[in-house]
Structures are given as structure tokens and as C-alpha cells.
Amino acid sequence: MTKFVFDFAEGDRDQKDLLGGKGANLAEMTNLGLPVPPGFTITTEACRAYLAHGDEPAGMAREVSDHLAALERAMGRTLGDADDPLLVSVRSGAKFSMPGMMETVLNVGLNDTSVEGLARQAGDERFAWDSYRRLVQMFGATVLDIPAERFADALDDAKRAKGTKDDLDLDADDCRTLVDTYKGVVRDGTGRDFPQDPREQMDLAVRAVFSSWNSPRANVYRRQERIPADLGTAVSVCSMVFGNLGMDSGTGVAFTRDPSSGARGVYGDYLQNAQGEDVVAGIRNTLALAELERIDKTSYDQLIEIMTTLENHYRDLCDIEFTIERGKLWMLQTRVGKRTAAAAFTVATQLIDEGLIDADEALQRVTGAQLANLMFPRFDRDAEKELLTTGMNASPGAAVGAVVFDSRTAVRRAKAGEKVLLVRRETNPDDLDGMIAAEGVLTSRGGRTSHAAVVARGMGKTAVCGAEELEVDVKAKKITTDDGREVVEGDILSIDGTDGGVYLGEVPVVPSPVMTYFEGELDPDSDRADDLVRAVHRIMTHADASRRLRVRVNADTGDDAARARRFGAQGIGLCRTEHMFLGDRRELVEAVVLAETRDEREKSLAALLPLQIEDFTAILRAMEGLPVTIRLLDPPLHEFLPDLTELTVKVAIAQERGEDTTSDEELLTAVRRLHEQNPMLGLRGVRLGIAVPGLFAMQVRAITRAAATLAAEGVSVDPEIMVPLVGAVQELQAINAEIAEITSEPESQVDGKTVPYAVGTMIELPRAAITAAQIAESAEFFSFGTNDLTQTTWGFSRDDVESSFFSAYLETGIFGASPFESIDVEGVGYLVELATREGRKTRPDIQLGICGEHGGDPESVHFFHQAGLDYVSCSPFRIPIARLEAGRASGTAADD
Ligand code: PEP
Ligand code: MG
């Protein structure tokens, strides 16, 4: 038979699934011999049954009775007894901590009779009536659903009548009167009297705690924290100890180390003559925990000793709740404490030094998300600021600058030494220069994988996207908010890419020493490095030594490549070539696209060739000794041509004015011819290579000639030529044949020999994954393009869906995270595994990597490790995160 109730002495800390975090840790502390008031825990399984059927599972009531009877025997008192009542607290506790989201009821067992018994036993009438009024208040709000303000208002009235603001000034009579008032509130609110039967109180409180799992705020919190909605909460029923028995009593919370910096010491708050939530509720000013030493040295010393015991036992920073009842210390709760990113790293290395954990375990105590948090400059938290609006936190960091609305102005003003923020409705590849020049980017449309977000993250530039309350009028150069405030060009804004905040004016920024360290400008062994930098360095060193996955970078320029090397990149996994075709070169590309004869096209391609050779030489040189995957041109051609609508309008106006429009008309005809309804599914990738003869050939020529020249200089190069958007092996065969011809040209050779190179393909279409065994015959490597693979597997347009219906999908729980951010393991992940398996069948030594945005996402990195890939490739600023997570994945994976 299922067991629904466990005595505190029966469980342990590993039973969080069943007993909740609180129940499991109370059991652990009980078994450690720490002073925990006796009690029992009703399981999450009982809660799930209650929520499913609206009733307690069969057998639960009986088990509760047996445990209550045992508790009464142990305490020598009966629940709610008229002369010497046992009182209990009924507390919620789920597997994952959900602070303040669910309910707790204290002092259960008090009624009109037992309150007198309690007063006599304690020799303190005020205490008894104060406890009773607290019960009616908590029970009324939590169990009977009466708005909490009604009780709070009555308490305020009582204090006002007494001429005080402090609840301690209310005497026994005041509390007695307040109980009467509260009972009236209960009668008014529910049409019945406050229940006097102690067992009924307890049972109702247990059910209310079960139900509070589904309260709106608990639901919101779970969604935010990605806690599954079906776990349910456990309920701990604990014999009451009282912190409100006078000034020799009190209640407090404490951390075994500083949860914000990780520093060792005594951190916490204490409140004399107080109970339960009083400390966190802020009803009175608390004392620093260190003050307790003066107030009650014996309890303080015991508390410090217990904190040491807990740290040694949990081998981690713990937080605790305790109560002192007339000089006797009781432990009410402990758990491994939440902490800031900085504290996570610092504490992990302290614990290694203290011999409590080894380096492998330390690695599991930190996360890539925490590391990311430490890398970005940040706003001074204490500074005053005025919020304009909030958008999506698309790329972390803190940026301040004068608002500009177009790329040209951004570049011009930045050149003049001004800090600017580029504000757009959304960005496109034309805004690249402006984005580079700006401190940060703010858009009113688009999500976390919009162009602005992806590019900004790639550049390590702060971005807030999709700030929908802002009306961005690029022509009038102004932003208008919902409530009519205006920001015009030149006004200063501050944007926080970590939480999406947009502030008026300049908020002060503090730099990140961790970033300075990754840039190679701060020696972790020097005096300039602080504890945090030293801790990050130690953990990174261990991650690198532990990981199997290699980490490469997505980089398109020599500068990015050089930075990536400093950050620890082991090669380039994706060099996109489209950015090389913008700016001044756009006209040449336009000419290639519009050429009507082979000769015309060849001429424009010939003009592009030396420029591309320069591009590839810079990158191969910066990555000397490491592999460099260069992708042949991928985007739809229209991206290199003028916009159809703009050009149509331009021609119409010129015709109206009687101007000569011959050349624009020709252009317009071509733009119309190349216009596509779904360009992402149109003429792009390998299809371009086949439909526009000579285009890929020019790029391949540039790669192999750059490689040959460098090799002749003695520079070690390792180029990998990557063909995008392949769906069938025949496409790849056609390109391969072209490549083979080019590499036998003398300019691509040194001493009559072709410089070694590899040819492979991206796997970014479902058909490519499904036919991977065939494709592997013509590919020496696969690189999973999980951006397109997600787009094509789900049928989601990656440019549109995030800002249209993803929020609805996230809210309804259709997915927990955007599949463009974190790999969809069951769908897209399945295709990755399939192609891995099939590809290796054909070619056992095929090299496998991933270069979509997921390559820098912590959870996805763990998946790619398990899937058996050789490397992940991500934007430069996410390299340290990928290194760390790859190390962590090696530590946890079953296959290692
Ligand atoms: C991809 O599709 O995952 C990829 C890396 O290519 P892009 O984002 O350039 O389409
Ligand atoms: Mg792609």
C-alpha cells in the first residue's frame, strides 16, 4: 500500500521528489541529531492525488491520525488540549524552492478554550492571544480565502487606536479584542464561524496547502523558473515552537556564507519576540545576526556550530530558518542556498580548498548562464533610474548612449567620439555598420533570434528587442511611448540587456573583471585579480581539462577570429561569407546577379575575387594552426538587391517627373524576376551555387588561393569548405566536381600540390538528415545548422514567429523555451542523432559539429555532448560558456 505520511525521522535529503525540499531537509537535520521540533510530512504523491480527484487519497487520513497520535505521545500533549495544547505548523514544501508562492499556517490547534490553557502554561496571556490572532489571520486568508487586507486593516486599526505602529505594544486585551474582530471578519467573509475543532483546523490547512500549488502566483513562478506543473507540494506538519514568547525568544534567517559575494562569515537577520514570517515580512526592523551574540551568546554559539555542521554535511552554502524559544534554539528549515553568479564561483573554489568537494564537483556547482552573467558590464544596482519601458533581454550587458535611428548617423556620430544607441523597429543586414558603431541596439519588434538579437549576441553587444510599447518613427527620428513620452535623436538612454530594462538618461556602469580576464588583459595570478577572477580561472581550467567536445567560433572577420582565440576557440566552425558582400561590394554582387551574359558575370566575379582572397587570408592567418570552416554564400539573392517596394516607388515618381528611368526599370524587372514569396525556402544556399554559375567557383578559388599563398609563406592553414542548405547528395556532387577542378589550378597549389582542404556540408534540412548516409559519401564533415533545421522541421519562419505567437506558446506551455534558443531534443535533436548515426555508418571518421545558435546554449551543449558530436561552434562571446558547459557535460554524462 502506498505510504503517504513520513515521520521526520524516516526520510532523508535525497527524497525531495516525495517529501519536498523542506520535508527532505527536515528529515536530514533530524537524523543528524540537530534540534528540529518533531513532526511528519505528507507526500507530494498525496498532493497530486488530491489535486487530481479533489479529495485526499484513501488511507491518508488514517495515516495522518496515526502520526499525529505518535507526535502527541512524543510531546506528551494533545493537539488543541484545553489545559496544555500541542500546536502545530502546517507548511508547504515542493521539490524545488518556490519562495513565498505557497502557503503556511502556524499555531494550528488554538481555539477559545486552548488559548487559555496556552496562556496558563506559558504564564503569558499576551503571547497566547497574539498566537491565536495570528492563527485566525493566517487561516482566514489561506484556508478560507478571505482577502488578507481585511485582517491587515483590522490590525492597523488596533495599532492606531493604541497610538502605536509596533505590534509589540498591543497587550493581551488588545490581542483578545483583535481575535474577536478577526472572527467577525471570518463570519462576514464565509458565513460560518472560525472552526474550533483542532483536527478540522489541521485537515483544512493541509488541503489549503495542497491547493496552493495551483495558485495563480505559483503557476506564474513555475513557468518563469521552468518548474514542471505536475509535481505537487508536500506538507510538513511540525510541532510549534515559539519565537514570540518574550524578548528571550525570537526568529531568524541565516546563510552560512554571504550569498551575494560568497565571502565567509555570518550573514542573516534576527528579530526578537517574533514569529514565522515576521522577519521576511518586514513588519519591524531586523537585527544583523551578529547581534545575537550579544543578546543570547549560548544560542548564538550553538547556531554557529550547527551552521558548520550543515555546511560540512551538505558540502555547500546553506540557508536556514531558526527560532529561539526562551533561550532554546530550534532549527525549522535548511536548504542549499540560492546565490548570485559571483558567489557560485567563489564558493565552489572555497569548498575545494576546504576539502569538502573536488574539482569535478565544483564544476557542477556553476553554470554557463552564471558565467554569462559575470562577463557583461553592468549597471550600478544602487543608482537611481527612471524606467521608460521593458523589452526582451536579447543580448546581455549594459549600454548607454545617444539615440540614433539609422546606421549612417550611428557611424558618423561614433566616429566623432560619441557613444550612441541604435534604435530601429527591427534591424537588417544593412544596419551592421551602425550596430558595430553603437554601444547597444534597441528594437521595438522581433524576438531573441531576430537579426538584431543574433548579430548583437555575436558581437557581444547589448541588445533589448521587441520593446513593443515603443513607437519608433525612423523618419521623424523619435520614439513615442504608450503614455505619450517622447525621446528624440540625441537623447540619452540606458538599456539593460540582462533584464530588458530601458531607462531615460545615463545610468552608471561598472565593468566586468571576468571579461577583462577572458580578453587576456588580467593575469589571474597577479595581485590585480580578485577572488572571483581567480575562481573563474580555476574552474575554466578544470572544464577545459575535462571536456570531450571541442569549441569553435562563428566568426567572419580576422578581428573576431583573433578575439575568439583569446577566448579559447579551437578553430572556426562557421565563417559566414555574406557580410563580405555588403557595403561597397554590393554593387559588384548586384552586377553578378543581374548579369545577362556569361561574360558580364565573369567580369564582376573577377572583380570580387581579389577582395575575397583578402578576406580569407586575414581569417586563415588569424587562425593559424586551427581549422577554419568557410561557408559558401547562403542567403537569398534579393538581400543583395534593392527593395522591391522602394524601387517601384522610386521608378513611379521618376516617371511622373518625366525623368529617364531606363536603368532603374531594368533593375526593377530583375528585382521582380527574382522576387520570392518565401525567400528562406527559395533560391539560396547550394541552389545559388548551381543556378548562378561561377559564384561558388569564385569563392572556392579565393579560399584555396589564400591558403596556398599562406602555406607558401610557412603559415599552417587548415581550410574546410562548407556547402549550405544541401538536401540531396546530387547537389553536393555537382559542387564537389566544380571544387575539384578549381583546386587543381596552379594558383591553388604549392610546389605542384594542392594545399590540403576538406569539403563538407551543413545539415540544416530534414531531408539532409534523413539521407545523411548518402550525403556522407560526398562530405568529409557535417555541421548541423540548427537554426534552419529548427525552422524547417517545425515549419516556423525564424524571422517572424518569435514576435508573433511564441509568447502564446510559451504561456500555454507548448514549449518551455523557444526551440530557436534551446535545442528541441525530441524533434530537431532526433534528426541530429539520426544524421550522426547514418553519417558515421558511411564514413566512420566523419567530423561532426554544430554551428547554429544552439552551439552556445548551455542545455543544448549537453545534448550535443551526449549525441556524440566532435565540436560546437558559437559566437565569440559565448565561447567561455560553451567551454564551461562542455566540461560540465563530460562530468555528468553516463558515457564518460
Ligand atoms: C543555421 O542555419 O543554423 C546556420 C548556422 O546558418 P544561418 O543561421 O546562417 O542560416
Ligand atoms: Mg542556415
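Scroll up for the structure.
Summary of the structure given here.

Reading the values: the criteria
- Residues numbered from 1 in each chain as written.
- Chains lettered and ligands numbered in written order.
- Predicted model: local features only at pLDDT ≥ 70, side-chain atom pairs only at ≥ 80, totals over all residues.
- Heavy atoms only, no water.
- Helix = DSSP H or I, 4+ residues; strand = E, 2+ residues; numbered from the N terminus.
- Polar contact = N/O pair within 3.5 Å; in protein donor to acceptor, adjacent residues only side chain to side chain.
- Contact = heavy atoms within 4.5 Å.
- Axes fitted to C-alpha atoms, helices over the stretch in contact; angles between N-to-C directions.
- Left-handed = near helix turned anticlockwise from the far one by under 90°.
- Nonpolar A, V, L, I, M, F, W, Y, C, P; charged D, E, K, R; others polar.
- Expected span 1.5 Å × (residues − 1).
- Donors = N, O, S within 2.8 Å, 3.2 Å for Na, K, Ca; no water.
- Buried < 20%, exposed > 50% of the residue type's maximum accessible area, 1.4 Å probe, protein only.
- Salt bridge = Lys/Arg side-chain N within 4 Å of Asp/Glu carboxyl O.
- Pairing = 2+ DSSP bridges.
- Arc of directions from axis to C-beta.
- Near = heavy atom within 4 Å.
- Core = buried A, V, L, I, M, F, W, Y, C linked by side-chain atoms within 4.5 Å.

Structural notes on the side chain of Q350
Step number 1: With respect to the secondary-structure elements, Q350 resides in helix α13 (residues 341-353).
Step number 2: At 3.0 Å, the side chain of Q350 forms a polar contact with the backbone oxygen of G262.
Step number 3: Once you skip the residues sitting within four places of it in the chain, Q350 turns out to touch R257, G262, A263 and R264.

Examining the packing of helix α22 (residues 586-594) against helix α23 (residues 598-622)
Step number 1: Orientation of α22 relative to α23, taken along the N-to-C sense of each, is 150°, at an axis distance of 8 Å. Taken as a pair, α22 and α23 cross one another with a handedness that is left-handed. Contacts between α22 and α23 involve L588, V589, A591 and V592 from the first element and R601, S604, L605, A607, L608 and L611 from the second.
Step number 2: Tallied by class, residues from the contact of α22 with α23 come to eight nonpolar, one polar and one charged.

Considering helix α6 (residues 148-162)
Step number 1: Between the first and last C-alpha of α6 there are 22 Å, a value that for 15 residues agrees with the 21 Å anticipated at 1.5 Å per step.
Step number 2: Summarising the contacts, the buried residues of α6 are in contact with α5 (125-142) and α7 (172-190).

Some points on the coordination of the magnesium ion (ligand 2)
Step number 1: Ligation of the magnesium ion (ligand 2) by protein atoms is provided by E764 (OE) and D788 (OD), these donors lying 2.0 to 2.1 Å from the ion. Of this pair, E764 sits in the loop between β32 (758-763) and α29 (766-770) while D788 sits in helix α31 (residues 786-794); the two residues are 24 residues apart in sequence, bridging distant segments of the chain.
Step number 2: Overall, D788 belongs to the buried group, its relative accessible area being 4%.

Quick notes on the pattern of salt bridges
Step number 1: Taken as a whole and judged by the stated rule, the model has 60 salt bridges.
Step number 2: A salt bridge links R621 to E713; the shortest N-O distance between them is 3.2 Å. One end of the pair, R621, is in helix α23; the other, E713, is in the loop between α27 (695-712) and β29 (718-723), and 92 residues separate them in sequence.
Step number 3: Among the ionic pairs, R878 bridges to E853, the shortest N-O distance being 3.4 Å. Remark: E853 occurs in the loop between β34 (847-850) and α35 (858-867) and R878 occurs in the loop between β35 (871-874) and α36 (879-892); sequence separation between them is 25 residues.
Step number 4: For R878, a relative accessible area of 16% gives the class buried.
Step number 5: Here the residues in one salt-bridge network are E578, R631, D634, R684, D788 and R798, joined through shared partners.

Some details on the side chain of T323
Step number 1: Within the secondary structure, T323 is located in strand β11 (residues 318-325).
Step number 2: Using a relative accessible area of 4% as the deciding quantity, one classes T323 as buried.
Step number 3: A polar side-chain atom of T323 sits 3.4 Å from a polar atom in the side chain of T251.

Looking at the pairing of strand β7 (residues 233-239)
Step number 1: Buried residues dominate β7, accounting for seven of its seven residues.
Step number 2: Across the two faces of β7 the burial is the same, with T233, V235, V237 and S239 and A234, S236 and C238 all buried.
Step number 3: Here strand β2 (residues 39-42) pairs with β7 via four bridges, running antiparallel. Each bridged residue has a counterpart across the sheet, and for T41 the counterpart in β7 is S236.

Looking at helix α25 (residues 662-674)
Step number 1: An ideal rise of 1.5 Å per residue puts 18 Å on 13 residues; α25 measures up with 19 Å between its terminal C-alpha atoms.
Step number 2: Here α25 has its buried residues at D664, L667, L668, A670, V671 and L674. Each buried residue of α25 lies within a common arc of 165° when the element is viewed along its axis, so the set occupies one face. Opposite the packed face of α25, turned more than 90 degrees from it, sit the exposed residues E666, T669 and R673.

Looking at the environment of I763
Step number 1: With respect to the helices, strands and loops of the structure, I763 is situated in strand β32.
Step number 2: Along the backbone, I763 and A835 are 72 residues apart, and their C-alpha atoms lie at a distance of 8.1 Å.
Step number 3: Aside from chain neighbours lying at most four places away, what touches I763 is A768, A769, F782, S783, F784, G785, L789 and A835.

A closer look at the sheet that holds strand β27 (residues 572-575)
Step number 1: Taken in spatial order, the eight strands line up as β26-β27-β28-β29-β32-β33-β34-β35 and close into a barrel, and their pairing is parallel. Pairs of neighbouring strands in the sheet enclose a mean axial angle of 25°, with direction left out of account.
Step number 2: Sheet topology note: the β34/β35 ladder contains two bridges and is parallel. When the bridges of β35 are listed, G849 appears paired with Y871.

Quick notes on the environment of N554
Step number 1: Along the polypeptide, N554 turns up in strand β26 (residues 550-554).
Step number 2: Put simply, N554 and L574 are 20 residues apart on the chain and 4.6 Å apart in space, counted from C-alpha to C-alpha.
Step number 3: Of the polar contacts made by the side chain of N554, one reaches the side chain of S873; its length is 2.6 Å.

What about the site of ligand 1?
Step number 1: Neighbouring ligand 1 are 14 residues, the closest being R576, G785, N787, D788 and R798.
Step number 2: Here the element with the most residues in the shell around ligand 1 is α31; it accounts for three residues.
Step number 3: For the shell around ligand 1, the class distribution of residues is three nonpolar, four polar and seven charged.

Digging into the nonpolar core
Step number 1: With 130 residues, the main nonpolar core has F345, L371 and V536 as its most contacted residues.
Step number 2: Ranked by the residues each element gives to this core, the list is headed by α27, at 11 residues.
Step number 3: Residues contacting V536, with those up to four places away along its chain left out, are F345, L371, L374, V514, Y517 and F518.
Step number 4: Residues V5, V64, V185 and V237 belong to the second largest nonpolar core, which totals 58 residues.

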